[in-house]
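# Observations on the model geometry
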Amino acid sequence: MIAYALCGVIFLLLALMIIFIECSRPGIALSEVNDYTGDPGTTTEQKMSASNRK
């Protein structure tokens, strides 16, 4: 009996997780992607060579 109850609880938690994931991703497309991980105007090669110097 405990195994059946545990399976039911796990199933319920998985169902709630799926619902939460679906609701948290609205699917709105971005007009552009901004890259703020480096200095504006630098290329990927410049960023990579700067990180390799450290």
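Structure report, in brief. (Residues numbered from 1 in each chain as written. Predicted model: local features only at pLDDT ≥ 70, side-chain atom pairs only at ≥ 80, totals over all residues. Heavy atoms only, no water.)

## Re the overall build of the protein
Helix and strand counts for the protein stand at two helices and zero strands. The buried share of the protein, taken over its 54 residues, is 0%. Accessible area of the protein: about 5,600 Å², with a carbon and sulfur share of 68%. (Helix = DSSP H or I, 4+ residues; strand = E, 2+ residues; numbered from the N terminus. Buried < 20%, exposed > 50% of the residue type's maximum accessible area, 1.4 Å probe, protein only. Areas by Shrake-Rupley, 256 points an atom, 1.4 Å probe, with all protein chains shown as cover.)

## Digging into a nonpolar patch on the surface
Among the surface-exposed residues, L6, I10, L14, M17, F20 and I21 lie close enough to one another that they form a single nonpolar patch of about 620 Å² accessible area. Within the secondary structure, M17 is located in helix α1 (residues 2–24). (Patch = residues over 30% accessible without salt bridge, like charges linked within 9 Å, V, L, I, M, F, W, Y side chains within 5 Å. Salt bridge = Lys/Arg side-chain N within 4 Å of Asp/Glu carboxyl O.)

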